[in-house]
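Okay, here's what each chain looks like letter by letter:
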4 protein chains.
Amino acid sequence: MTTTAAKAAVMDAEAINVNSFGNIFKLTSFGESHGVGVGGVIDGCPSGIELDFDFIQEELNRRKPGQSNVTTPRKEEDEVQFLSGIYEGKTTGTPIGFVVWNKNQHSSDYDHLKDVYRPSHADYTYHKKYGIRDPRGGGRSSARETIARCVAGAIAKLALRPYDITIQAYTSQIGDIKLDGTYKDYDLSLTEKSPVRCPDPVKSLEMEKLVMEMKGLGDTIGGVATCVAKGVPSGLGEPVFAKLHAALGHAMLTINAVKGFEYGDGFDAALFRGSERNDRFFNDNGKINTRTNYSGGIQGGISNGQDIYFRVAFKSVATILMEQETVTTAGKDTILKACGRHDACVLPRAVPIVEAMTAMTLLDYLLIASPTR
Amino acid sequence: MTTTAAKAAVMDAEAINVNSFGNIFKLTSFGESHGVGVGGVIDGCPSGIELDFDFIQEELNRRKPGQSNVTTPRKEEDEVQFLSGIYEGKTTGTPIGFVVWNKNQHSSDYDHLKDVYRPSHADYTYHKKYGIRDPRGGGRSSARETIARCVAGAIAKLALRPYDITIQAYTSQIGDIKLDGTYKDYDLSLTEKSPVRCPDPVKSLEMEKLVMEMKGLGDTIGGVATCVAKGVPSGLGEPVFAKLHAALGHAMLTINAVKGFEYGDGFDAALFRGSERNDRFFNDNGKINTRTNYSGGIQGGISNGQDIYFRVAFKSVATILMEQETVTTAGKDTILKACGRHDACVLPRAVPIVEAMTAMTLLDYLLIASPTR
Amino acid sequence: MTTTAAKAAVMDAEAINVNSFGNIFKLTSFGESHGVGVGGVIDGCPSGIELDFDFIQEELNRRKPGQSNVTTPRKEEDEVQFLSGIYEGKTTGTPIGFVVWNKNQHSSDYDHLKDVYRPSHADYTYHKKYGIRDPRGGGRSSARETIARCVAGAIAKLALRPYDITIQAYTSQIGDIKLDGTYKDYDLSLTEKSPVRCPDPVKSLEMEKLVMEMKGLGDTIGGVATCVAKGVPSGLGEPVFAKLHAALGHAMLTINAVKGFEYGDGFDAALFRGSERNDRFFNDNGKINTRTNYSGGIQGGISNGQDIYFRVAFKSVATILMEQETVTTAGKDTILKACGRHDACVLPRAVPIVEAMTAMTLLDYLLIASPTR
Amino acid sequence: MTTTAAKAAVMDAEAINVNSFGNIFKLTSFGESHGVGVGGVIDGCPSGIELDFDFIQEELNRRKPGQSNVTTPRKEEDEVQFLSGIYEGKTTGTPIGFVVWNKNQHSSDYDHLKDVYRPSHADYTYHKKYGIRDPRGGGRSSARETIARCVAGAIAKLALRPYDITIQAYTSQIGDIKLDGTYKDYDLSLTEKSPVRCPDPVKSLEMEKLVMEMKGLGDTIGGVATCVAKGVPSGLGEPVFAKLHAALGHAMLTINAVKGFEYGDGFDAALFRGSERNDRFFNDNGKINTRTNYSGGIQGGISNGQDIYFRVAFKSVATILMEQETVTTAGKDTILKACGRHDACVLPRAVPIVEAMTAMTLLDYLLIASPTR
């Protein structure tokens, strides 16, 4: 490496907290799809939390490929190994390091991609940014990175348990098949019984059929996840630039393939009048309550004690097993036909990630605020 | 104050960077609606930027009330006074302090609100969070806080000028009146000529009529702003938790009354297949280009050199001049009829704020990345 | 400004939190010596703190020039104007903006310095760093910047009051006149009665004489401040990179003219054996106590409930009224004879700054830790 | 766990960046002495750096126990396993995860310490802070944590190489044996040949003898390390709260057993006059230079191109193999006689840690500043 090249390399150094999430409860993640493993460090976890390792593994299992016929047939036996921060089954307040070793990686599946930019993938932008990229399985931009989020999210859920805060996400849309009701209209305990994680059994079947059709075509399809958090006390959230919904929106927008976020009545709010959508207060047997909850449980960036709910849009998976026009890294036109094992729809496996990011965000904001009120 | 009360007070202390925005180019803002003034400190502004003070004042004028018949008749003569960081008209690299003094505040307009929680306002949540609130004009949760964003955004725009990055926002929907086309279908230079900041002259008239109707009723209405940034070089944005669109989404969601954010094809992406929405690369006379731009200029959280565009949903203004059910701070049912001078629709004045937050975010990410590529 | 120059300007942009101090209780300061004013924004101050404005002003008066014959004869009538964050005399939890207007600035005193780098000042390094500098009174590197620290420190002291944490600093050395004892050997209430802020009346006179002698010569002299914080509960401080003494050391080293920091037995510790300096525990009538306190109240970066004490070394003021060899900004050899009104020794006025930074650090760490133990 | 206990646990959560170091080049470390391993994640490392794995291992070897007769006879075969962020031997710009597995841990050595607070250790303060502690080998407060610093420091050194910045630390004092000269008076290449890392062969022998004597007694002794960084360009460092020397001081004070930090003439500066210690500029054959360097290469917190040098005081190791008075965790008086394998003086093994922290700090500040000047 010449001195000039080396200095140039140093000049390309990049920013701040790029692989960390959270303020007090903070996850720093690492790992590429086809490297040694993926993992992270959780800093700021309260001490004295009893870790339910079976629960953590179950949460990991919810995101893993190969759970059902609608997900990719890749089998990833993802088992988390904890490296620190735990003594006699309890958190000690020191950083929790963990790793999930990569197994069953077929790196040779990606040999044909080394010199090609896949459309709507991050190949091109990583290459432009860093001047170097790990082409195997998308490298750092792979959805395998979400493993670290699942582990940290599971621990966050355990820390939230005594607060009786529950977080439930589900698939509310795949393609043009859409749930008509709100989260109140469904029995959310049915979500985990559905292979597409949709609590409406009829729509679930339709969605499953659509995903299988896409799979047969080598095509993919988008969708929407809805999430509700119940039991969040009032007073969480920070004006002005750390509003609770801004933190949740940021959290969701960091998940691969997410294209939009709305909370409460969201984009629908544009259509209505103040007189129609203001959430009026009333004295509800001695407690202050609101008649409606278009606000989605947050006013002025601070929780008001009502349910917090929001929706997250996901695009179709970029890898399709069909011929596509693209260019080589040298800029020449070419035709790409991807092979490998991929999801036809990200929604079923995205649902636990949405929950994990919500749990981390709410715990972080609980720790930021004093939880005494 | 008893010791116990005082300690309790200390325990309610709140979090991190709550009134700061940005990583390197960082705005810290302060000020309440009916206090002495609102202002901020801009840290991390590059040295040697020639400040065009007329331009900064014009940007401030774009957000000020009383610009036209569709905005509130409150006249706010908002003039910025710079306190530091400038020498002989240029930035010195040291922090730029500034203040806009509050004038023409009718604090007595708010006397009737002292003991009442206004529906869908932040009165209740601030009170729950802090145990104390400044009831005059919404205090810190007032939209007057956006003045600081305008000033910092204007300086960010000046710093971005040599990069030929342009940022244009406009009103694309008010109530059910909606632009059918994308940003490419309009002459965006018409935006500033429209009192509702809509570049489609016909729709602009309809929107204006709708807003005036709401005003007559003492009611309010929501809407959507669209924003496009052209000329952003490829390579901006940071994996994993600092994706460029996550930063933009976070920025937008910190603006008062915002309920949703989507970029590229956004929520619409849920409906489509990978084969329909992948942005195929091609060799465009020696340059790598994409056939379409459903990605909204960002792939894997990093800009790809295409236009960056997104949409931001705003709810109707919460203050309506009609009778509303609510409760007193003591929890008693009551009827509130607000008076005062308020906007019937936030969109016209929100457009410059959307631009300001975009400018700050893009400049910050330019400074984070090395701008040499 | 050409495009290239402008881009270069942007490339020189500088970093992170450079003008902010603290994590939760966070001061962001601004202002130059000869600009409009100096001030700051305090974010994260607990709500409900009753502000004793007289006390805050007194703290400001302790740092101001012209207090006695040993300080500079410049009269600065420094009065703080609060801009936000206070309602009916109490903090509201929103950011506290404030400014102290510059008056009595003799900018023409500095005309002869415009083209010269003063030895051991920051003129040269600021110029190298930013490519531009405000030569009037040292600009941002002026000790006038410490005004913001005093204001924030005074508020921090008020927030600490209910905890019965007291912070006292004093001058323990000027030149070769040195207190022989530790903080326990003096009546620290005498500190404020001494013009050099030394609690030993005999040494105080000697120090005063030495400073006056320096003043007569147009020369300056260094010294040491000692600080003790009593009543700090055990459990404050964070492993590994946020150790309490590291935070205190960092805080002190940000003060102008500071050259060294040591806590507990400090550099002296190098000379001794574990058997001589370990702080043995014993049961002190039912409470765990230590026989000695060489640790300075901190073990492993966490407070242990004993007194926290440390020493801070200050160099002599760089501005001397004697001829000195130096260079012009063009690099030519020249002789500089400064005029103007300057301190001959920074110690008397540094003592309140040491206290202010200590108060801010301890409050920040109290807010970081849960204050329930 | 009862709900109340669990909530209390959550309330004890602790702060911000406690296990992370740096702004752009950021190390997050994890691991306890007797856990599975210690390691970390390096975020913000420039892409394209060719990693010299032998060099990294050598740096690790410099800190490992059992190097010579003056260090602890514990043999730790510390080998670093990289988990991510590297492709074909080069950094990719993505986070570098790594782990050093713990081997040869004699956890049973610590059984007798489970219910006892060791004097001048962090046992008591960790217990007070977290309500739980891992008693094996000091847990997180063990010096084994410095392994992560060594790995990150070695990578920082590799990134600094093209800048011709060199960093050399050495032992300048152990007990009362002290080097009389400055760093300029010694051939620093001799440092690594000395078992105590002292470049003065005569003093080295004396120090070695003293350490061996302590070892024989089961006692320990303190000392001082001096560090010099050559080749640092002017313009690094940030006013006001991110001064370069404040960052270096903070870095050093986070190292276990450090009691003090001084740069340039340090505490000695207190004794002298401005006329004696100002660093006069002169034209040195066309280049601006200074006659002296009492400033230690930093003025106003910004590097001036001269050598940066500083001194770091270390206390004696707290674990002594002699009977000591102490208390049990229940607060009862007891006598402790530690066994196990410990260093009699931390200096020899501290020298590489001082260098590592310096390298990380300088690289971070290079990345913060634009390295173009």
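Further up the page is the structure itself.
What you see as residue numbers is a count from 1 along each chain, following the sequence as written. The order in which chains are written sets their letters, starting at A; the order in which ligands are written sets their numbers, starting at 1. Only residues with pLDDT of at least 70 get local features here, since the model is predicted, and only at 80 or more are side-chain atom pairs given and counted; chain-wide, interface and lining totals rely on the full set of residues. Water and hydrogen atoms were dropped before computing side-chain values, which therefore reflect all heavy atoms in the structure.

Peer 1: Break down the sheet that holds strand S8 (residues 166–174) of chain B for me, citing the residues and quoting the values.
Peer 2: Taking strand neighbours across the sheet as the criterion, the 10 strands line up as S10(A)-S9(A)-S11(A)-S17(A)-S12(A)-S11(B)-S16(B)-S10(B)-S8(B)-S9(B) in an open arrangement whose pairing is antiparallel. The open sheet is flanked by strand S10 (177–178) of chain A together with strand S9 (177–178) of chain B, the only strands paired with a single partner. The rule for pairing is simple: two strands pair if DSSP sees at least two bridges between them. Here a helix means four or more residues in a row that DSSP labels H or I, a strand means two or more in a row labelled E, and each is numbered from the N terminus. Strand direction decides the pairing type here: strand S11 (residues 258–263) of chain B and strand S16 (residues 308–314) of chain B, joined by five bridges, are antiparallel. Looking at the pairing, Gly260(B) lines up with Ala313(B) of S16(B). The strands touched by helix H5 (residues 201–217) of chain B within the sheet are S8 and S9 of chain B, with S8(B) carrying the most contacts at an inclination of about 60°. Contacts from helix H6 (residues 244–253) of chain B reach strand S12 (258–263) of chain A together with S11 and S16 of chain B within the one sheet, and its direction differs from that of S11(B) by about 160°. In this description, contact between two residues means that some pair of their heavy atoms is separated by no more than 4.5 Å. An axis is simply a line fitted to the C-alpha atoms; with a helix, the fit covers only the stretch in contact. Between two such axes, the angle follows the N-to-C directions and lies from 0 to 180 degrees.

Peer 1: Please provide a residue-by-residue account of the relation of the copies chain B and chain A, values included.
Peer 2: Once chain B is rotated about the relating axis by 180° and shifted along it by 0.0 Å, it coincides with chain A to within an RMSD of 0.0 Å. Put plainly, the chains are arranged around a two-fold axis. Of the residues that chain B buries at the interface, 100% are likewise interface residues in chain A, meaning the two copies contact each other through the same surface. The atoms used to superpose the copies are C-alpha atoms, taken from residues with pLDDT of at least 70 in both, and the fit is least squares.

Peer 1: Can you lay out the interface of chain B and chain A for me, pointing to particular residues and giving the numbers?
Peer 2: Contacts between the two partners involve 116 residues from chain B, matched on the other side by 118 residues from chain A. Of the roughly 9,000 Å² buried between chain B and chain A on both sides combined, carbon and sulfur atoms contribute 57%. Throughout, buried area stands for the accessible area (probe radius 1.4 Å) lost by two parts on being put together, summed over both. Together, Phe241(B), Lys259(B) and Phe281(B) form the three largest contributors to the area buried by chain B at its contact with chain A, with a combined 10%. We define a salt bridge as a contact between a side-chain nitrogen of Lys or Arg and a carboxyl oxygen of Asp or Glu at a distance within 4 Å. In this assembly, chain B and chain A are joined by eight salt bridges. Put simply, Glu325(B) and Arg291(A) hold a salt bridge, and the shortest N to O gap is 2.6 Å. Under the rule applied, a polar contact is a pair of N or O atoms within 3.5 Å (in protein, one hydrogen donor and one hydrogen acceptor; residues adjacent in sequence only if both atoms are side-chain atoms). At the boundary of chain B and chain A, one finds 52 residue pairs in polar contact (both at pLDDT 80 or more). Along the lines of polarity and charge, the residues of the side of chain B that touches chain A split into 49 nonpolar, 41 polar and 26 charged. As judged from the three bridges shared by S12(A) and S11(B), these two strands associate in the antiparallel manner. Note on S11(B): the bridge partner recorded for Phe261(A) is Phe261(B). Residue polarity is assigned by list, with Asp, Glu, Lys and Arg as charged and Ala, Val, Leu, Ile, Met, Phe, Trp, Tyr, Cys and Pro as nonpolar; anything else, Gly included, falls into the polar class.

Peer 1: So what about the packing of helix H2 (residues 53–63) of chain D against helix H4 (residues 146–160) of chain D? Which residues, and what values?
Peer 2: Residue and element names in this part refer to chain D. Where H2 meets H4, the axes come as close as 9 Å, and the angle between the chain directions of the two elements is 140°. In terms of their interaxial angle, H2 and H4 are classed as oblique. In terms of crossing hand, the pair formed by H2 and H4 is right-handed. The residues of H4 that touch H2, namely those facing Phe 55, Ile 56, Glu 59, Leu 60, Arg 62 and Arg 63, are Thr 146, Ile 147, Cys 150, Val 151, Ala 154, Ile 155, Lys 157 and Leu 158. Residue composition of the contact of H2 with H4, by class: nine nonpolar, one polar and four charged. Here the word oblique covers every angle except those under 35 degrees (roughly parallel), over 145 (roughly antiparallel) and from 65 to 115 (roughly perpendicular). For a crossing to be left-handed, the near helix must be turned anticlockwise from the far one by less than a right angle; the clockwise case is right-handed.

Peer 1: So, the pairing of strand S3 (residues 37–43) of chain C: which residues are in play, and what are the values?
Peer 2: Residues and elements named next belong to chain C. Throughout this description, buried means an accessible area under 20% of the type-specific maximum (1.4 Å probe, protein chains only), exposed means over 50%, and partly exposed covers the range between. Along S3, seven of the seven residues are buried, which leaves the element largely enclosed by surrounding structure. Covered by surrounding structure in S3 are Gly 37, Gly 39, Val 41 and Asp 43 together with Val 38, Gly 40 and Ile 42, the residues of both alternating faces. Pairing of strand S2 (residues 26–31) with S3 involves six bridges; the strand directions are antiparallel. When the sheet's bridge partners are listed, Ser 29 is paired in S3 with Gly 40. Once S2 ends, the chain turns through five residues before running back antiparallel as S3. Bridge count between S3 and strand S7 (residues 96–101): six bridges; the pairing is antiparallel.

Peer 1: Give me the lowdown on the packing of aromatic side chains, citing residues and values where you can.
Peer 2: Think of it this way: a Phe, Tyr or Trp ring, Trp meaning its six-membered ring, pairs with another when their centres are within 6.5 Å, and the plane angle makes it stacked under 30 degrees, edge-to-face over 60, tilted otherwise. The final tally for this structure, using the stated rule, is 44 aromatic pairs over all chains. Seen from their ring centres, Phe281(C) and Tyr117(D) are 6.1 Å apart, and the 55° between their planes marks the pair as tilted. Of this pair, Phe281(C) sits in strand S13 (residues 281–284) while Tyr117(D) is found in the loop between strand S7 (96–101) and helix H3 (123–130), placing the two residues in two different chains. On the accessibility criterion, Tyr117(D) (4% relative accessible area) is buried. Through successive ring pairs, a cluster of aromatic residues spans Phe53(A), Phe82(A) and Phe98(A). Here, a charge over a ring means that NZ of Lys or CZ of Arg falls within 6 Å of the ring centre while also lying within 35 degrees of the ring normal. One Lys or Arg, Arg291(D), reaches over the ring of Phe282(D) and ends 3.9 Å from the middle of that ring.

Peer 1: If you had to explain the packing of helix H6 (residues 244–253) of chain D against helix H8 (residues 347–368) of chain D to someone new, which residues and values would you point to?
Peer 2: All names here are of chain D. For the pair H6 and H8, the least separation of the axes is 9 Å and the interaxial angle reads 145°. In this structure, H6 crosses over H8, and the sense of that crossing is right-handed. In contact with Leu 244, Ala 247, Leu 248, Ala 251 and Met 252 of H6, H8 contributes Val 354, Met 357, Thr 358, Thr 361, Leu 362 and Tyr 365.

Peer 1: Can you tell me about a negative patch on the surface, naming the residues and giving the values?
Peer 2: Patches in this entry comprise residues that are over 30% relatively accessible and not in a salt bridge; like charges within 9 Å are linked, as are nonpolar side chains (Val, Leu, Ile, Met, Phe, Trp, Tyr) within 5 Å. Note on areas: Shrake-Rupley with a 1.4 Å probe; residue coverage comes only from the protein chains shown. Neither His nor the chain ends contribute to the count of charged residues, in which Lys and Arg are positive and Asp and Glu negative. The atom standing in for a charge is NZ when the residue is Lys, CZ when it is Arg, CG when it is Asp and CD when it is Glu. Together, Glu50(A), Asp52(A), Asp54(A) and Glu58(A) line one region of the surface with negative charge. Accessibility expressed as a relative area gives 31% for Asp52(A), which makes it partly exposed.

Peer 1: Account for the pattern of salt bridges, naming residues and giving values.
Peer 2: Enumeration according to the criterion identifies 88 salt bridges over all chains in this entry. For Asp123(B), the salt bridge identified is with Arg118(B), shortest N-O distance 2.9 Å. In this structure, Asp123(B) and Arg118(B) share a single accessibility class: buried. Among the ionic pairs, Arg133(C) bridges to Asp123(C), the shortest N-O distance being 3.7 Å. With Arg133(C) in the loop between helix H3 (123–130) and helix H4 (146–160) and Asp123(C) in helix H3, this residue pair connects regions lying 10 residues apart in the sequence. Within the structure, one salt-bridge network assembled from shared partners comprises Glu59(A), Arg62(A), Lys157(A), Glu192(A), Arg197(A) and Glu355(A).

Peer 1: Can you explain the nonpolar core? Please cite residues and give values.
Peer 2: Definition of nonpolar core: a set of buried residues of the types Ala, Val, Leu, Ile, Met, Phe, Trp, Tyr and Cys, connected through side-chain atoms within 4.5 Å. If you look at the biggest cluster of nonpolar residues, it comprises 188 residues, and the most contacted ones within it are Phe25(C), Phe310(C), Phe314(C), Phe25(D), Phe310(D) and Phe314(D). Counting 186 residues, the second largest nonpolar core, distinct from the first, contains Phe82(A), Cys150(B), Ile255(B) and Tyr263(B).

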